[in-house]
Amino acid sequence: MLKALIVEDELYIRKGLLAMITSLNKEISILGECESVKEAVVVANACKPDLIFLDINLLDGNAFDFLEQTTNLKYNVIFITAYEQYALQALKNGAVDYILKPVDIEELEVAIDKAIETKIEVAQEQLQVVKSEMIDRKKEKLVLRLQEGLQVIEFKFLTHCKSDKGYTTFYLNDGKSYIASKPIKEFENQFPEKNFMRTHQSYVVNLSFVDKYDKNGYIFLKSGEKIPVSARRKNDFVERLLNQ
């Protein structure tokens, strides 16, 4: 029987997962539930689970922080995620299983069956690919190719980007801006995923600079800039903002 741990910061999702796993009647024993990286590391080291149901975003960090702090352990992982498109490619490249929220019991069963059949050694190799992918993505700077040369942009100073007619303008917190002759989709995958989000087809926003979000669907940055949030991205944006 596999020993499993649920690591998820939303109580109702943890309880829902527990109920679904129990109803599937698989050879799995749930050791416990955790809502933070810190708690999960302690419990994992103490209980040494074979399988972890791991949410991408947690109260005090993310799944990859947990992976980095438990390299001494050997386990398989089923990732649980709502909107982290940046992480999905890394998971796919590592052939690691994941389930999108809201969790579907049939998808959960398929993932569990795959985890049961996958040897721990193979699972660890897959996770190593995922970790390497994520490390490569953790860049601090972006280099823009402008007409006058190359411009280095530090993400911590970038408040937002706006795309218009095939051009993208990058706005910094010191008031400077730079225009690159590429649409915003060409840069989207290069932004640090923790703080940046595509809120509209024409905008990417650094959540660190958000001052407020109003009921009419607009973000107000600390600089006073007003940025729209599209209807289809509204729920994801609110969830991201609440979990910052």
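Computed from a predicted model, the values in this text were never measured in an experiment. (Residues numbered from 1 in each chain as written. Predicted model: local features only at pLDDT ≥ 70, side-chain atom pairs only at ≥ 80, totals over all residues. Heavy atoms only, no water.)

Scanning the entire structure with this criterion turns up 8 salt bridges. When the shortest N-O distance is used, the salt bridge between E8 and K101 registers 3.2 Å. A residue pair is termed long-range when its members are at least 10 positions apart, and E8 in the loop between β1 (2–7) and α1 (11–24) and K101 in the loop between β7 (98–100) and α5 (105–117) qualify at 93 residues. By relative accessible area, E8 is classed as buried at 0%. With relative accessibility at 19%, the residue K101 sits in the buried group. E109 is the partner of K26 in a salt bridge, and the nearest nitrogen-oxygen pair spans 3.1 Å. Of the two residues, K26 is situated in the loop between α1 and β2 (28–34) and E109 in helix α5; the sequence distance between them amounts to 83 residues. (Salt bridge = Lys/Arg side-chain N within 4 Å of Asp/Glu carboxyl O. Helix = DSSP H or I, 4+ residues; strand = E, 2+ residues; numbered from the N terminus. Buried < 20%, exposed > 50% of the residue type's maximum accessible area, 1.4 Å probe, protein only.)

The full count for this structure, using the stated rule, is 7 aromatic pairs. Between F155 and F191, the aromatic rings sit 6.0 Å apart at their centres with planes inclined by 80°, giving edge-to-face as the arrangement. Here F155 is found in the loop between β9 (149–154) and β10 (158–164), whereas its partner F191 is found in the loop between β12 (177–180) and β13 (196–200), with 36 residues between them in sequence. The pair formed by F155 and F191 is uniform in burial state, with each residue classed as buried. Look at F155 and F196: their rings are 5.8 Å apart centre to centre, the planes differ by 70°, and that puts the pair in the edge-to-face class. Placement of F155 in the loop between β9 and β10 and of F196 in strand β13 is noted, with a sequence separation of 41 residues between them. F196 matches F155 in its accessibility class, with the two residues each being buried. Connected via pairs of aromatic rings, a cluster forms that spans F155, F191 and F196. In this structure, K212 packs its charged tip against the face of F220, placed 5.2 Å from the ring centre. (Phe/Tyr/Trp six-rings, centres within 6.5 Å; stacked < 30°, edge-to-face > 60°. Lys NZ or Arg CZ within 6 Å of the ring centre and 35° of its normal.)

Mapped onto this structure's residue numbering, the UniProt feature "modified residue: 4-aspartylphosphate" (unreviewed entry) falls at D55. Here D55 is to be found in strand β3 (residues 51–55). For D55, the contacting residues outside a window of four places in its chain are V7, E8, D9, A63, I80, T81 and K101. (UniProt positions renumbered as here; feature names shortened; annotations may be inferred. Contact = heavy atoms within 4.5 Å.)

Here the focus is the nonpolar core. Membership of the largest hydrophobic core comes to 23 residues, with the highest contact counts inside it found for L54, F66, L67 and F79. Once residues within four sequence positions are removed from consideration, F79 is found in contact with L54, I56, A63, L67, L91, V96, D97, Y98, I99 and L127. The next biggest cluster of nonpolar side chains, apart from the first, holds 18 residues, and it includes I13, L17, F53 and I80. (Core = buried A, V, L, I, M, F, W, Y, C linked by side-chain atoms within 4.5 Å.)

Here we take up empty space enclosed by the protein. This structure, assessed with the given rule, holds 2 cavities of 30 Å³ or more. If you add up the space inside the largest cavity, you get close to 80 Å³. Contributions of two or more residues to the lining of the largest cavity are made by β6 (76–81), α5 and α6 (120–137). Residues that form the lining of the largest cavity fall into these classes: 8 nonpolar, 3 polar and 2 charged. (1 Å grid on protein atoms, 1.4 Å probe; cavity = no way out; pocket = protein on both sides within 12 Å on 5 of 7 lines; lining within 4 Å. Points joined across faces, edges and corners; volume = space filled by probe spheres on them. Nonpolar A, V, L, I, M, F, W, Y, C, P; charged D, E, K, R; others polar.)

Following the UniProt record, the feature "domain: HTH LytTR-type" (unreviewed entry) maps to residues 166–243 here. The span residues 166–243 is 12% helix and 38% strand, and its two end C-alpha atoms sit 32 Å from each other.

Moving on to unusual backbone geometry. Glycine aside, negative phi is the norm for most residues, and most peptide bonds take the trans geometry. Omega for the peptide link from K101 to P102 comes to -5°, which places this bond in the cis form. Following the sequence through the fold, P102 ends up in the loop between β7 and α5. For K48, which is not a glycine, the phi torsion comes out positive at approximately 50°. Along the chain, K48 falls in the loop between α2 (37–47) and β3.

With that out of the way, let us pick up the sheet that holds strand β17 (residues 226–228). An order of β15-β16-β17 is seen for the 3 strands of this open sheet, with the pairing classed as antiparallel. One side of each edge strand has no neighbouring strand; the edge strands of this open sheet are β15 (210–213) and β17. Neighbour-to-neighbour, the strand axes of this sheet turn through a mean angle of 30°, independent of strand direction. With 3 bridges joining them, strand β16 (residues 218–221) and β17 adopt antiparallel strand pairing. Among the inter-strand pairings, F220 is bridged to a residue of β17, identified as K226. Of the strands in this sheet, β15 and β16 are in contact with helix α7 (residues 234–242), which crosses β15 at around 130°. (Pairing = 2+ DSSP bridges. Axes fitted to C-alpha atoms, helices over the stretch in contact; angles between N-to-C directions.)

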